[in-house]
Amino acid sequence: TAPKSPVTAAQFADEIREQLTYHQGVTVAQATPADVYVAASLAVRRHLMDAWMTTQAEMVNGHTKAVGYLSAEFLMGKQLRNALLNAGLTEQFDEAVKELGFDYQDVIDAEHEPGLGNGGLGRLAACFIDSLASIGVPAFGYGIQYQYGIFEQEFDEQGRQIERPDYWLTNDEPWGHVDYNRSQKVSFGGTVVENADGTKAWKPAWSVRAVPVDYMVPGYKSGRVNTLRLWRAKSYDEFDLLTFNKSEYLDAVKPQVKAENISKILYPEDSTPEGKALRLEQQYFFVSASIHDAIRVFYPGQDKPDLTTFPDKITFQLNDTHPVIGIPELMRVMIDEYGYDWDTAWSVTTKTFNYTCHTLLPEALEVWPASLIGELLPRHLEIIERIERQFEAELVAKGVDAAQIERMKIYTGDAVRMAYLATYGGSHVNGVAELHSELLKDVTLKDFSDTYPDKFANVTNGVTPRRFVKLANPRLSDLITEGLGTDKWLTDLEMLKGLAPLANDDEFVKKFAAVKQANKVDFANYAKREYGFDLDPNTMFNTMVKRLHEYKRQSLKILALIARYADIKSGKVSADDVMPRTVIFGAKAAPGYYLAKMTIQLINNVARVVNNDPDVKGKLNVYFPWNYNVRLAQHLIPATDLDEQISQAGKEASGTGNMKFALNGALTVGTLDGANVEIRERVGAENFFLFGMTVDEVEAQYANGYNPARYYESDPRLKAAIDMVSDGTFSDGDRNTYAPLVADWLTKDWFMTLADFTAYAAIQGEIEALYAQPLEWHRKAILNVANSGYFSSDRSIEDYLERIWHTGSMA
Ligand code: 26V
């Protein structure tokens, strides 16, 4: 029988013992922290099981349309503490573990986080499924169970990035339930033949078995547990016995390897798509399996389901272009597998899908070579061709001119533009922050928004306050609850507004400051333990964490830092006048991204030189903890005083780190980009350090022919900083090490780092002046927390429900 929640700590300890005995077969005396982690996870899973089953049953029988969130990435972070929180078992766990003779931290540390995402897009998907469950919306997350997640980053002696495979499944993984009995068959290749009756039939060349691995997605205090279904590729042929008998071992397992490669590894590139067959195979693999799975779930046992009702059962959200092959796939399923005519299939398909765009970089929009689609998915290419014909006819009928029709082609004959297919083939397109959505309409998808204005919407991103405030920052959570007199803010984050008056209450401000200080001490200890760093918690903690990309401009931060270093070295600024600062970077670079990797090397070497220089000791320190991931984020964000969001205006679609920092009481230095604009609007211009060019100014510079050398010549501090990078200061005297980076800055500088340098360096002065008045600083920090409630992913989901999905919660 399933245990009834809540239980006492002693009962929970018994449940852990029972798992140790009957699942793992070890005694408490023999058990390691990793054993206890598995046992506790299985125990908490049992507490969620009833709610999981009821949620699923009600979803199928109920009248509330479900959401299928199709995403190639879910960057979940560790599961145990989140599951305990949502099962109401946090305290029982703490005590039970103690009773069993284990250290709480050792047990938590035994969990290897599933890094099944690159960055913002994957973490957003994880926040969204948390919010869907917490609000009580029936939902599935559908994705891929990569055997290797995002690489583990290390640094070599020279400070260069090394990538190591992240085999997160080496140890027992208690959360995923491998459900072989709900497998789907996914096929590839072959040819299309015409049947006697004129219908088409796809004769694929090979197939793989998609096996679902199910994860519980428990809502916070909602009583709902949704499902994250991640597909794992398995071969149908275990191995070729005939070949095997001839002792050709490697050949014998070849088909197996080919099939299982599909879910082997997460692509670590997060902006420049490569036209690689394996990536298209991954996309089609999880999307085809998911569509068939939804039909199985919502029409149980029916051979001839009435798929015209499909859009009333589920709405599929396409997380970027990665799952867009789902549009021709649903067409194919309806026409070829269920015998519907084209128009019926099209009507169902366009009602079923919606598309979220997450980028503004034109090179990040996926375009697949038609030859590749033709080879791998020949029937889909035919369908795409026909969609193109219908689309062009529709545009002609709407009176769109020939030049525009040419620009809007989904299928050019050589290539398929997935963003265009998604826009035409779905009901809504949305950007992820107001500025981003405007730029989509005005620039990236202008022709489409001119032709189909009603399709376009905005939903500003959000983050889950459960993981990023309650779990990551228990001290602040307690203080908020004390300040508001309730903990209801965790499901209604706008309630944080109630903290605003407390910004004028010196007692509260001091408590708030004490929370930040304690978090900084915690982080210093963590950094010592994990990295061997000696951070001084009595300095300002100034953080820049995100993927390493030119547009995000880690270069701007490092150049300003070098300039500051040079000021102190040269005596231009007396060390006594410097507000002591600890700069913390976290960033992974795509393995093939040359300039990004060189920037990592530069940061590491600046850190080495600065941290070993007695002239700046205690004044300026730089640390670069390797392998930034969700776990590190949860430790670092609550300890940060100043957050950097300094992308070139018009390039960062939204950003979500910015929201996490503001909610944890950091101040932001940032440009008018992505969601920074909305954060600043809400927290108040006086509580946000704004600098830099606007989107219009950036455009004007491009139009006039941008010349970075002009800035190098006109700002002596910028010149000094760049010269120090060239002259070998950070490369043991070698002048070649960073030459390509310097050459790029001086001759290209596509993201205008140099043009924004002077303004950026200047605002750092303002920042230090404010930091010298702790009460004022913390008042502003409190106002950031109080006014960031809007950035809850619960609010984002409410907006999707209203503007895009037109559905609601089961309650
Ligand atoms: C693109 C690609 C291209 C092909 C190879 C694999 C791959 C994997 C991921 C991506 C997505 C890049 C887009 C992305 O991550 N966008 C970020 O989305 C965040 C959530 O909306 C947003 O906050 C960030 O501003 C945006 O950069």
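All of these numbers come straight from a predicted model, not from anything done at the bench. Along each chain, the written sequence defines residue order, and numbers are assigned to residues from 1. Where totals are concerned, whole chains, interfaces and linings use all residues; where local detail is concerned, this predicted model gives features only for residues with pLDDT of at least 70, and gives and counts side-chain atom pairs only at 80 or more.

J.: Just checking my understanding: could you explain the overall build of the protein for this structure?
T.: The helix and strand inventory of the protein stands at 34 helices and 22 strands. Projected onto its principal axes, the C-alpha coordinates of the protein cover approximately 90 × 70 × 65 Å. Three exposure classes are used. Buried residues have 20 or more other C-beta atoms within 10 Å of their own C-beta, exposed residues have 12 or fewer, and partly exposed residues fall in between, all C-beta atoms being placed from the backbone. Out of the 811 residues in the protein, the part that is buried amounts to 50%. Residues are treated as contacting if the C-beta atoms built from their backbones sit within 7 Å of each other. Excluding contacts between residues fewer than 6 apart, the proportion of contacts in the protein whose partners are at least 24 apart in sequence is 76%. Each helix is a run of DSSP H or I of at least 4 residues and each strand a run of E of at least 2, with the numbering of both proceeding from the N terminus.

J.: Explain the domain arrangement of the protein here, please?
T.: Put simply, an interface is often sized by how much accessible area is lost when its parts join up. The source of the domain bounds is an automatic or database domain assignment. Partitioning the protein into structural domains gives domain 1 (1-57 + 87-112), domain 2 (71-78 + 113-388) and domain 3 (465-791). Computed from C-alpha coordinates alone, the two centres of domain 1 and domain 3 are separated by 39 Å.

J.: What should I look at first to understand the nonpolar core in this one?
T.: One broad rule of soluble globular proteins: the nonpolar side chains tend to lie buried together. Among buried residues, those of type Ala, Val, Leu, Ile, Met, Phe, Trp, Tyr and Cys that are joined through C-beta atoms within 7 Å form a set called a nonpolar core. I129, F285, L421, L559, I562, V606 and I782 are the most contacted members of the largest nonpolar core, which totals 234 residues. Top element by residues in this core is helix α2 (residues 33-61). It accounts for 11 residues. Excluding its chain neighbours within four sequence positions, the residues that come into contact with V606 are I558, L561, I562, V622 and F730.

J.: What am I meant to see in the site of the ligand here?
T.: Around the ligand, a shell composed of 22 residues is seen, among which G120, L121, P273, H358 and S654 lie nearest. Structurally, the shell around the ligand is a two-domain feature, drawing no fewer than three residues from each of domain 2 (71-78 + 113-388) and domain 3 (465-791). Only the C-beta atom, placed from the backbone, is used; a residue is near a molecule or strand if that atom lies within 6 Å of it.

J.: Whenever I open this one, the environment of N473 confuses me. Can you help?
T.: Tracing the backbone shows N473 in the loop between α20 (465-471) and α21 (474-484). N473 gets classed as buried once you count the C-beta atoms within 10 Å, which come to 25. Sequence separation between N473 and H635 is 162 residues; the distance between their C-alpha atoms is 8.2 Å. Residues contacting N473, with those up to four places away along its chain left out, are N519, P638 and N664.

J.: Would you mind showing me how to read the pairing of strand β11 (residues 314-319) here?
T.: It is a general feature of regular strands that their side chains alternate between the two faces of the sheet. Counting buried residues along β11, six of its six residues qualify, which places the element largely inside the surrounding structure. Where burial is concerned, the two faces of β11 agree: the one with I314, F316 and L318 and the one with T315, Q317 and N319 are both buried. For strand β1 (residues 66-70) and β11, the ladder comprises five bridges, and the chain directions are parallel. Paired with Y69 across the two strands is Q317, which belongs to β11. Bridge analysis of β11 against strand β12 (residues 353-356) gives four bridges, and the strand direction is parallel. Each bridged residue has a counterpart across the sheet, and for F316 the counterpart in β12 is F353. Strand pairing is assigned whenever DSSP detects at least two bridges linking the two strands.

J.: Quick question: what am I supposed to make of helix α6 (residues 120-135) here?
T.: For an α-helix, the turn length of 3.6 residues means that residues three or four places apart are oriented alike. Here a helix's expected span is defined as the number of its residues, less one, multiplied by 1.5 Å. In this model α6 runs 22 Å from its N-terminal to its C-terminal C-alpha over 16 residues, within 8% of the 22 Å that 1.5 Å per residue would give. In terms of residue burial, α6 counts as a mostly covered element, since 16 of its 16 residues are buried. Just downstream of α6, G136 is the residue with a positive phi angle, here 95 degrees.

J.: What exactly am I supposed to notice about the packing of α21 against helix α22 (residues 506-531) here?
T.: Helix-helix packing is described using two parameters, namely the angle between the two axes and the distance between the axes. Packing of α21 against α22 leaves a shortest axis separation of 9 Å and a crossing angle of 165 degrees. Classified by the angle their axes make, α21 and α22 are roughly antiparallel. You can see that α21 and α22 cross each other, and the crossing is right-handed. Across the interface between the two elements, R475, L476, L479 and G483 from α21 touch F508, K511, F512, V515, A518 and N519 from α22. Under the scheme applied here, ten amino acids are nonpolar (Ala, Val, Leu, Ile, Met, Phe, Trp, Tyr, Cys and Pro), four are charged (Asp, Glu, Lys and Arg), and all others, including Gly, are polar. Split by residue class, the contact of α21 with α22 holds six nonpolar, two polar and two charged. Axes here mean lines fitted to C-alpha atoms, for a helix over just the part in contact, with angles spanning 0 to 180 degrees between N-to-C directions. Any angle from 65 to 115 degrees is called roughly perpendicular, while one under 35 is roughly parallel, one over 145 is roughly antiparallel, and all others are oblique. Handedness of a helix crossing follows the sense of rotation of the near helix relative to the far helix, less than a right angle counterclockwise being left-handed and clockwise being right-handed.

J.: Where do I start with unusual backbone geometry in this structure?
T.: Most peptide bonds take the trans form, and the phi angle of most residues other than glycine is negative. Even without being a glycine, R553 presents a positive backbone phi close to 65 degrees. Assignment of secondary structure puts R553 in the loop between β17 (540-545) and α23 (554-569). Among the residues examined, R553 registers 27 C-beta atoms within 10 Å and is labelled buried. Phi is positive for M752, close to 55 degrees, though the residue is something other than glycine. Here M752 shows up in the loop between α31 (739-747) and α32 (753-771).

J.: Quick question: what am I supposed to make of the sheet that holds strand β20 (residues 642-645) here?
T.: Strand pairing in a sheet relies on backbone hydrogen bonds. The paired strands run either parallel or antiparallel. Judged by pairing direction, the sheet is parallel, and its six strands sit side by side in the order β19-β18-β17-β20-β21-β22 without closing on themselves. Since the sheet does not close on itself, it has two edges, and those belong to β19 (620-623) and β22 (689-690), each with one partner. Pairing between strand β21 (residues 667-670) and β22: two bridges, direction parallel. Pairing of V669 across the sheet is with F689, part of β22. Contacts between helix α24 (residues 594-611) and the sheet are confined to β18 (581-586) and β19, with β19 contributing the most and set at about 145 degrees to the helix.

J.: Would you mind going over the packing of α24 against α31 with me for this structure?
T.: One can describe the packing of α24 onto α31 by two numbers: an axis separation of 9 Å at closest approach and a directional angle of 110 degrees. It follows that α24 is roughly perpendicular to α31 by the angle criterion. In terms of crossing hand, the pair formed by α24 and α31 is left-handed. Contacts between α24 and α31 involve L595, M598, T599 and L602 from the former and P740, L741 and D744 from the latter.

J.: For this particular structure, what's the right way to read the environment of F624?
T.: Tracing the chain through its elements places F624 in the loop between β19 and α25 (630-636). Residues F624 and A607 lie 17 residues apart in sequence; the distance between their C-alpha atoms is 7.6 Å. When neighbours within four sequence positions are excluded, F624 is seen to be in contact with F585, I603, N604 and A607.

J.: Would you mind showing me how to read helix α18 (residues 434-444) here?
T.: L435, H436, S437, L440 and K441 are the residues of α18 that are buried. Structurally, α18 contributes buried residues whose contacts are with β15 (429-431), α19 (446-451), β16 (456-458) and α27 (676-683).

J.: Which parts of the structure should I look at to understand the environment of S290?
T.: Looking at the secondary structure, you find S290 in helix α10 (residues 277-298). Between the alpha carbons of S290 and H635 there is a distance of 35 Å; along the sequence they are 345 residues apart. Those residues in contact with S290, other than ones at most four positions away along the chain, are G68, L70 and Y142.

J.: Sorry, what's going on with the confidence of the model for the protein here?
T.: When pLDDT is low, close inspection of the predicted coordinates is not appropriate. Chain-level pLDDT for the protein is 96 on average; 98% of the residues reach the 70-or-more range. As scored by the predictor, the complex reaches a pTM of 0.97 and an ipTM of 0.96. Each residue gets a pLDDT score, which is the predictor's confidence in that residue and runs from 0 to 100.

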